Structures are given as C-alpha cells and as structure tokens.
2 protein chains.
Amino acid sequence: MSIEKWGMYELELAGSAEGNAFLDVKLSAQFRCGETVIETPGFYDGGGVYKIRCMPTQIGEWQFQTSSNLPELDGQSGSFTCTPPGADNHGPVHVRDQFHFAYADGTPYYSFGTTCYAWIHQGDKLEEQTLQTLAEKPFNKIRFCVFPKHYPFNRNEPVYYPYARDSAGNNDLTRFDPAFFAHFEKRLSQLLELGIEADIIIWHPYDRWGYAVMDEETDYSYLRYLIARLAAFRNVWWSLANEYDFMLRDKPMERWDNFFQILQEEDPYQHLRSIHNGDPAMNYDHTKDAVTHVCIQNWDVKRVVEWREAYGKPVIDDELEYEGNIPFYWGNISAEEEVHRFWIMVANGGYGGHGETYMHPEDILWWSKGGVLHGDSWRGIAFLREIIEQLPGGLTPLATVGDNDLFPHPFTRWFWTRVSGGVNGGCYLIYLGEHQQQIMPNYSKHGRYNVDIIDTRALTITPGEIKPFDLARMERQTYSESTTPTYYVELPTKPYLAVRFTEKG
Amino acid sequence: MSIEKWGMYELELAGSAEGNAFLDVKLSAQFRCGETVIETPGFYDGGGVYKIRCMPTQIGEWQFQTSSNLPELDGQSGSFTCTPPGADNHGPVHVRDQFHFAYADGTPYYSFGTTCYAWIHQGDKLEEQTLQTLAEKPFNKIRFCVFPKHYPFNRNEPVYYPYARDSAGNNDLTRFDPAFFAHFEKRLSQLLELGIEADIIIWHPYDRWGYAVMDEETDYSYLRYLIARLAAFRNVWWSLANEYDFMLRDKPMERWDNFFQILQEEDPYQHLRSIHNGDPAMNYDHTKDAVTHVCIQNWDVKRVVEWREAYGKPVIDDELEYEGNIPFYWGNISAEEEVHRFWIMVANGGYGGHGETYMHPEDILWWSKGGVLHGDSWRGIAFLREIIEQLPGGLTPLATVGDNDLFPHPFTRWFWTRVSGGVNGGCYLIYLGEHQQQIMPNYSKHGRYNVDIIDTRALTITPGEIKPFDLARMERQTYSESTTPTYYVELPTKPYLAVRFTEKG
C-alpha cells in the first residue's frame, strides 16, 4: 500500500462492540520510518470497527504496531510506503518567521479565511453549494463549528448529531455518533481537496442541545476523540472556541488552559492551536506557550501592530466585522469597509477573516450556513490575495522596522499609526486607506524601485514612477533638511489606494 | 455713552511715554454696575496712549475708576450706559451641561470650528478673502495663532510682528508693537461681526523669530498683555498652545500650569481655556481645574466617549486630520472621511474641528493661510450643523446612558463602541457610518416617534417610519425573548446613513 506524504493512512480493525467501546477501549499505534516516530491514538467508529489514522511526514517505508487493552486490537502490525506528495499537497500549515505561516514543504501560506460556522449542519444540497462557492472564491481557510448552532438566523435542527440521542432528544454523552463524524470527515476531505484549511471550532456558546455545558471529563473525552479522528487530516487547525469568554461560567479559564495542554501533548502533528474571543476586551492570553497564533475578534483593525507586539505571534483578526446588512453591528459593514479592513490587517503584517451576513428570506446567511455569496467584498479580497502572493514573504509592519531604505527617518512610527505599511526584503506595500496624498515621498538612498499604484476599489494596478524629489519646487514643503525626502511617487488625489515598491534586482 | 451688553467699552487715556511704559506702568480699573464689579487691567498702546477695555455683562449704568502708578492715569473715573444686546449678540461662550457649550444669554452653542493658523499674517488681500469665505461657510469658530508660523508651506514673513524689532530683525521682547495688535484686533472684531468664536493660540512651536523660546517672565508678561487687550472681546477663547508637547524642552509643564492659573485668576470674563497636544499620547491632563474643555488632536475619533469619561468636560477634537492631499498624514484625508469623523464626534456628544490642506501652486493652504476652500467637506459639515441645531441641546452618548426609551437593553454599551449615537430628551441621533443594516430595531415602550433617515453623503433627509417589530417574520432573528425589539425602522442597505428619532410631543 502506498500513501503520499501528508496524505492519510487508515488502519481498520475489527473488535468487540460490547460495553461502551468509546469509553472503555484504549487503542493506539506507533508508526515508524527510520528515526521518525509517530505515536497516535485510535478510535472506535461503531459497529465493532476500530480505526487508527496516520499522516506520514516522511517519504519511505513505514512500520507500525498497535497497543490496546482489547486483545484483538493489540500487537497488530504492518507497513506502508510513503510516496512524494502530489502537486497540490504542501503539507500542514505551521508558523513561520514568528508572525507568518507556511506549509510543511516551505511554501508560504497567506491566510485569507472566511467563516461558515454551521455549514456542515445544513444538509447535502446546501453543503454542496457551499463547496462550489468555496471552489470559485479566494478563501484558503474556513472557520466552522463541530457542534450545531442555535442563534439568530440559526433555528434549524442539524442533520447529524455528534452524540447518540434517544427518541426524546436526550443525549448520551458517553457515545459518539459515527455517522456524524463520517459526514464531518467527508466535508473535511472536500475542503482538503480544494486546498482550504479547516479552522475547526471545538466549542461555542450558541447551543440548545447541551454541548456547550458538558462536564469537564466529557469535554476532555470529546477533545481526545477529535484528535484521534481528525489530526491525520493535514488541513486541520484547532480553534478551541468561538467566543470562549461567553462560556466562562461553565468552562473556567483553567479548563481552556487544559484543552490547550492536551492538544499540545497529544496531537502527533502539532496542528495550529488558537482560541477566539467575543468581547474585544477579553482576548485570551495569547502569549501562553501552547497558543500558536492569535485569533481575535476586533473591529479596530488599526491596532494590529499593537497585537503583534503584545503577543509576538501571527495575528488573524477573524472577526473584523462581516459584510452584510443584518441588524447586529458585527454583521453589517459595507463591502468596501470589509476590504478596507483586510488591507489594514495585511499591510501591517497580519491577516483578516471574511464573513458575509446579508438578510435572506430563508435565513441562509453565508456566515453561518454557507450557500452562495451575495456581496462584493470577496472580489477585493481576491485582488489583495493575488498581490500578497507575489511578495517574497509575509510583511513586517513598517511601524516596527527602524532600518529600511524607503522610510528610515524618525517620523516612521508616527506615520504608521495613520496609514498601513509593511516590508519584506526589497518589497514594500503601503495601504493609504482614507488618506489621499498627491505625492508619496520616500527617503531611499538609491531609488532603484519599480512602483505600482494599486486602486483597491477599482481593482487596478498601474505602474508609477519613482522620481527624484524636486528640491527647487518642494523644499518649502518639508519640515527640515534632515527630513527632506530623496524621491517621491505621484498619486491621484483619491482614497483607498495602495503603493507597492519593488527593489530592482 | 452707551454700549450694548457684551459689547466693548474702551477708555483711552494720555500719559507719559517715557521709559518703557509696557513694563513700567501699572494700570487697571474697577467697573461697577450695582453689585456687579469687573476688575480689569489696562495696557499701553504706544505713543503715550493707554487703554482700558471693559465688556459690560449687565444692562444698566456702569461707573468706573482707574488705578495706576502713573499719576496722570490714576483716579480717573466716569460712567457709561449698558443697553440690551443686539439681535446677533448672545454674549461669550461658556460650558453648559458639563459636556456642551452655550452663549451667555443661554442660546446653545454647537462648536463647528475650522483652522487657519496663520491667517492674520498673510496681508490684507488674502485675509479679506478668508473673511469672505468664513462669511459663506458653516464654521462658527476658528483656531489661529497670535505669532507667525514657520512650517512646511509656511515660509513667508508676516506683515506685522508682535514685538518691536530692529533693522537686523532682532526682537525687543520688552516692547510690544501696537500696530500688530491693532491689526489683530481688527480681525478679531471682524470675526465677532460674523458670529465666529476666535480660538486664539497663544504659543506654538513652529517659529524662526524667537517667540517659541521666550523666557518665563517674558511669557507671563505676554500673556498678561493679551488678557488686557483681548479679554473684552466676547468671542475670545484662550488656547494656550498648538502642540504644547513639542515645546516642553523650553516650556516645562509647570509653566503651562502657571499660564492656566494666570488666565483663571486674571481674565475678568473667564473665557474658555484649553490646550492642544501634538502627539496623541501626550494629552494634557484636562481634568485640571483651570481647563474648561478638552481640546485634542487625535485621528481615532471613535474614542470620543472614552475622552468624555476621562476628563468630564466638553471634548473638541480640533485635529481629527484635515481634508487635503499634502504628503503629511495629518493633512490628506478625503472629504468623505472628514465628514465621517465629524459625525462620529458629534453623534457621541463631542465636537470636531475642520481643516483643509490641498496642495496649491503658491502654498496657500486654508489650514494655515486661509483664502478659499478647495474641498467639499464643509458641505457635509454644514448639513450636520443644521441637524444639530434642530436638537433641543447637545447630545449625551448612548454608550453612557443606561436608561432610555429606545435602547435600554444590556447590549447598549457594546453597540455604541461600533456605531455612534446620542440622545437629548426625546431626540436621538444615530450615526451608522460604515454600517448598513437593513433594519434598525429599537426597544421603545411606546414607539411614538417621528423618524428621519439622513444620508450624510447625499445630504438628504427622508422621513422613515417606526413600525411594530414583526414577530412572525423576525423572531427567529433575535437573540432571545428578553432582547426582542418592539419597533424597527427600515433602511436602505447603504453606508454613511444617520437615523434621527424625535419623540412626538
């Protein structure tokens, strides 16, 4: 048998279905390829079927051996061959360069996420339409919940429930429902095929079924079942919660810390781990070791540099408010404003998250149920993604860069609280937003740059020219000799422009 | 002789011109009308002429008597009659209702200021054009400096200098130049005739003549001379500085505190007193007793509620960035953004300050030199001013109002960090900015409101309708029964709208 690198090998074993195998059967395996060892838990999939999954991380021959407290599952061994990854398989995403991400093969990953919280609970027809939309649109990450959602615009019952239920709707929280997970994993695989990272939300407060208030042991058991089932999918990201702070009465801070610790100790692949706040004043302490990146909700995106500095990790503002027109203020900004906020995040070396919440006669809002997009912000986001993917790597905010060729002088930090700018090597991207200067001065020692003027609303890129600063005409317009620019670029007097400088090779 | 209430009575006396009368002669007068007493300093106006000015604050017969260390100025007495004020004379502006302003006759004063820092230094032709522009435009306050300005776009010499100079340009800081002040007061009077408050900036750092670095005694003497000459103009506001924090090396904090104290103790009319920062992190401590209102520079206008709460006084953001296209980021936002920021300030119970900085072939930028307006934000500001002047009084931000008919429920504060809203009595003004909800729900007990939908860009006001919240259609779209609205208003899905609710009488 052969499996491509970062693909999934699945071992299926038959065993006793007596008692409660979900709780009582311990099963794990050690997979080995040369020096590389992966210790991974297995899981009960119902009907006397047990499974162990492995995502091989190295090309070559892999051997494995199982351990179990059930004799028929113990000491099973075998092997498979791990082959080079397919062309679209770059492996799982991890943090790179402290504030950015890359796939395991080194390809940069720039996060352009969207949000469909409950899309996997909508039935095949709508779910397939969602997948079709995702295939056509620019998003390479999607945030969604394991549990169904009870919330405004979300009153429908899910098709599948994660736990067994009796006919009166009472949960048996000691028994998972394998049909739920088969469905979930099918969707996860489809996202993987589309090259979309799955930012899986493990808990959330919007619930009428009891999943939000499970006791501590049940929570831990649920988390471990997810690790056993899902960790071998390379596109998995763990998001402990949506709006964890609204659940603190039932799940105190210590429990969230424990969840992080379990993931850190037991996920064989160390998938990305984060947690998402509700109240902007309730950011989790993202400096904690187990948190791989910052995932926040905050409309005040010009604070991105502050968040980067406070946490020292990649920053994704996954809820910078959604494009839409519902009455809730987190869900009714204009398409232009959504794109504007994305630009501010990205030009400052952070990442944004999209959502869309337009009123719909059947309450099918993209942000929660998926379907099709009715708005326009995805166009501006697609345009931005293309521009970012042409950079040599993620941006470092100019606010935090003292020494650079274009903007080295002492006013630098001051400037970048008003407009947004980032740099990587000889590439600079400045987003001017509501600002509309007629010229953009710079302080380069050599001026050897190609310049592009980007209209983030018209979605056009026009070559500009870097010109020597004309002292005869302009010396009367600068602060002093020490802050006199060397070059400048002419711009149309127009807001929502960006300027890209690329140093000539 | 008769003088209208809040007009100016001027007593002129002849005296010795020997020595340095600016320094050596002490002169003051006591004006009395019944129980009302005004003690006011006089001043030397050059050429053996001394003057004492009085702004009578009460209708009736006024008696006065002078005191001086110069015998010919001492013990002079006389009287005048104070008559009722003219139709356009409402008296000086003071703080009212803690966070707002009113003229002395009780008429509300809503501050819609602009900025022409050095307009009085530009020569008659341009200055008269500036006055013509002010006569046609919506501004009822103007910020400007006593001293000339040296700065980008400001390299010209002033026509008048406040102090005597020799032919080599050396200042004699012991002798004021009466011609300068005669010119200054002429402009001040012209503003008064236009109904425009003069927010007089006493010091500023942008200087090549030596006025920014005068010693402590000279500073105090200058301040006292201004009080003696200018305090009797009813439209005077004292602004200690533009960007005082950039002058701290030469004028330590203690000196600024002393300036405030001198004004508080010696200005007979207690004109408004403020001070303006440069760095947004360097707000003066506006809680100090002598500060009458908050005057700040900050682009981040959604923080206005925070400033109101921190200082407990009226808040004017006099530099929320200027409409224009110069390279400096404080001077190149779009007209739309300028108006947007005004709305955010005003709907939250604060006030904004306008400025305009478009590149000009002769460096005539409104913000500093006056002239004509080239931009468009004044239109949106005029429209806003009309709307505000129809209110019963200044707005209290809904973020700080727990108990009100329309938005009493517990999410109130949360909402108002995203959109802006204020209330006065039964009048509510909500500015939605970048938000574009299709309906605006409210929680009124009775719903007896007239509603207007205001398009802040098209400058239109369209009657809306307050309708019972349609439970059959909408109950699935609210959080829970306790937060279900009672009424709502339909809106077009469009950003930059405001909604005005006026309770039916």
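Residues numbered from 1 in each chain as written. Chains lettered and ligands numbered in written order. Predicted model: local features only at pLDDT ≥ 70, side-chain atom pairs only at ≥ 80, totals over all residues.

Assigned secondary structure in chain A consists of 11 helices and 31 strands. What you see for chain A is a C-alpha radius of gyration of 25 Å, in line with the 23 Å of a compact globule of 505 residues. C-alpha atoms of chain A, sized along the principal axes, occupy 90 × 55 × 40 Å. When each of the 505 residues of chain A is scored for burial, the buried share is 48%. Sequence-distant contacts in chain A: of pairs separated by 6 or more residues, those separated by 24 or more amount to 68%. (Helix = DSSP H or I, 4+ residues; strand = E, 2+ residues; numbered from the N terminus. Rg over C-alpha atoms; globule rule 2.2 N^0.38 Å. Buried ≥ 20, exposed ≤ 12 C-beta atoms within 10 Å, placed from the backbone. Contact = placed C-beta atoms within 7 Å.)

Attention now goes to the domain arrangement of chain A. Residue and element names in this part refer to chain A. Splitting chain A by domain gives domain 1 (2-83), domain 2 (106-389) and domain 3 (400-503). Relative placement of domain 2 and domain 3: their C-alpha centres are 36 Å apart. Between domain 2 and domain 3, the contact holds 14 residues from the first and 14 residues from the second. Looking at the side of domain 2 that touches domain 3, the elements with two or more residues in it are α6 (304-311), α7 (335-347) and α9 (377-389). By residue number, the principal contributor to the side of domain 2 that touches domain 3 is α7, which donates six residues. (Domains from an automatic or database assignment.)

With that settled, the discussion passes to the sheet that holds strand β30 (residues 487-490) of chain B. All names here are of chain B. Here we have three strands laid out as an open sheet, ordered β26-β30-β29, and antiparallel in their pairing. Edge strands, defined here as strands with exactly one partner in the open sheet, are β26 (439-442) and β29 (466-468). Sheet twist, expressed as the mean angle between neighbouring strand axes with direction ignored, is 35°. (Pairing = 2+ DSSP bridges. Axes fitted to C-alpha atoms, helices over the stretch in contact; angles between N-to-C directions.)

A few words now on the pairing of strand β19 (residues 315-319) of chain B. Looking along a regular strand, one sees the side chains alternate between the two faces of the sheet. Residue and element names in this part refer to chain B. Burial runs high along β19: five of the five residues are buried. In this sheet, β19 lies alongside strand β18 (residues 294-297) in parallel orientation, the contact comprising four bridges. In the sheet register, Gln297 faces β19, and the bridge partner there is Glu319. Once the chain exits β18 it traverses helix α6 (residues 304-311) before rejoining the sheet at β19, and the crossover so formed is right-handed. The sheet contact formed by β19 and strand β21 (residues 351-352) spans two bridges and is parallel. (Right-handed = clockwise from strand over helix to strand, strands pointing away.)

The next subject is the environment of B:Ala281. All names here are of chain B. On the secondary structure map, Ala281 appears in the loop between β17 (273-276) and β18. Its 9 C-beta neighbours within 10 Å are what place Ala281 among the exposed residues. Sequence spacing of Ala281 and Asn298 is 17 residues, and the spatial spacing of their C-alpha atoms is 9.0 Å.

Attention now goes to the interface of chain A and chain B. At the interface, 31 residues of chain A touch 31 residues of chain B. Take the side of chain A that touches chain B: its biggest share by element is three residues, from strand β26 (residues 439-442) of chain A. Of the residues assigned to the side of chain A that touches chain B, the class counts are 15 nonpolar, 10 polar and six charged. (Nonpolar A, V, L, I, M, F, W, Y, C, P; charged D, E, K, R; others polar.)

What follows deals with the relation of the copies chain A and chain B. Of the transformation placing chain A onto chain B, the axial shift is 0.0 Å and the rotation is 180°, giving an RMSD of 0.0 Å. Each copy turns onto its partner about a two-fold axis. Taking C-alpha positions as the reference, the residue of chain A nearest the rotation axis is A:Asp300, at 4.9 Å. Take the interface residues of chain A: 100% of them recur as interface residues in chain B, which is what a same-surface contact looks like. (Least-squares fit on C-alpha atoms with pLDDT ≥ 70 in both.)

With that out of the way, let us pick up the nonpolar core. Residue and element names in this part refer to chain B. Core analysis: the largest hydrophobic core is formed by 145 residues, its most contacted members being Leu240 and Val499. For this core, the element with the most residues is helix α7 (residues 335-347), which contributes eight residues. Beyond its immediate sequence surroundings of up to four residues, Val499 is in contact with Ile430, Met440, Val451, Ile453, Ile454 and Val489. (Core = buried A, V, L, I, M, F, W, Y, C linked by C-beta atoms within 7 Å.)

Residues and elements named next belong to chain A. The strand order across the open sheet formed by three strands is β18-β19-β21, and the pairing between neighbours is parallel. At either end of the open sheet lies a strand with only one pairing partner, and these are β18 (294-297) and β21 (351-352). Across the sheet, α6 lies against β18 and β19 (315-319), angled at about 125° from β19, the strand it touches most.

Moving on, we come to α7(B). All names here are of chain B. With 13 residues, α7 extends 18 Å between its outermost C-alpha atoms, agreeing within 8% with the 18 Å of an ideal straight helix rising 1.5 Å per residue. The buried fraction of α7 amounts to 12 of the 13 residues, a majority that puts the element mostly inside the structure. Among all positions in α7, only Ala335, Glu337, Glu338, Val339, His340, Arg341, Phe342, Trp343, Ile344, Met345, Val346 and Ala347 are buried. Positioned one or two residues after α7, Gly349 has a phi angle of 80°, which is positive. (Expected span 1.5 Å × (residues − 1).)

This part is about the packing of helix α4 (residues 216-230) of chain A against helix α5 (residues 253-266) of chain A. Residue and element names in this part refer to chain A. Packing of α4 against α5 leaves a shortest axis separation of 11 Å and a crossing angle of 30°. The orientation of α4 with respect to α5, classified from their angle, is roughly parallel. The two elements α4 and α5 meet at a crossing, and its hand is right-handed. Where α4 abuts α5, its residues Glu216, Asp219, Tyr220, Leu223, Arg224 and Ile227 lie against Arg255, Phe259, Ile262 and Glu266. The class makeup of the residues in the contact of α4 with α5 is five nonpolar, no polar and five charged. (Parallel < 35°, antiparallel > 145°, perpendicular 65-115°, else oblique. Left-handed = near helix turned anticlockwise from the far one by under 90°.)

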